[in-house]
Amino acid sequence: ITSTVSGNWAANLTNLNITTNQATNVTLIINQGSTAYIPASANINGTNNVTINWQGGTPPTGNALKKDVVAYSILQTGASNYLLLGQLVTFG
């Protein structure tokens with residue numbers, strides 16, 4: 001994500017070529033400005049507001065003027081049902 005964002009947003013993940021009992025990984029690299037924001041929710045292949053299960057159990061905060069890497073592990077558990085695991089790591 002290289003453009004400036006003005007608030008937390010929903011990651012809109014489309015065209016993931018998975019079916020039930022298949023998984024994939026998605027990585028977002030966010031170049032943070034003076035105020036940091038994160039993808040606080042996710043939409044996957046048309047399913048809105050998929051719950052993000054964050055590492056450690058709590059949503060992270062972004063890190064101003066750093067590079068934040070958000071990694072998602074996505075398992076499709078049924079038709080339009082997903083298990084979404086998220087973690088954030090900071091660089092710089």
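Keep in mind it's a predicted model, so treat the numbers as computed, not measured.

(A) Structural view of the pairing of strand S6 (residues 67-78). Bridge analysis of strand S2 (residues 23-31) against S6 gives nine bridges, and the strand direction is antiparallel. If you follow Asn25 over to S6, its bridge partner there is Ser73. Across eleven bridges, the pairing between S6 and strand S7 (residues 81-91) is antiparallel. Counted as the bridge partner of Val69 is Val89 from S7. Hairpin geometry of S6 and S7 is characterised by an intervening segment of two residues between the two adjacent antiparallel strands and by a positive phi of about 60 degrees at Ser80.

(B) Spotlight on the sheet that holds strand S3 (residues 39-44). An order of S1-S3-S4 is seen for the three strands of this open sheet, with the pairing classed as mixed. In this open sheet, the two edge strands, each paired with only one partner strand, are strand S1 (9-13) and strand S4 (47-50). On average, adjacent strands in this sheet sit at an angle of 30 degrees to one another, irrespective of strand direction.

Thresholds, definitions, all that
Residues numbered from 1 in each chain as written. Predicted model: local features only at pLDDT ≥ 70, side-chain atom pairs only at ≥ 80, totals over all residues. Heavy atoms only, no water. Pairing = 2+ DSSP bridges. Helix = DSSP H or I, 4+ residues; strand = E, 2+ residues; numbered from the N terminus. Axes fitted to C-alpha atoms, helices over the stretch in contact; angles between N-to-C directions.

Scope: geometric values only; no functional claims are made or implied.
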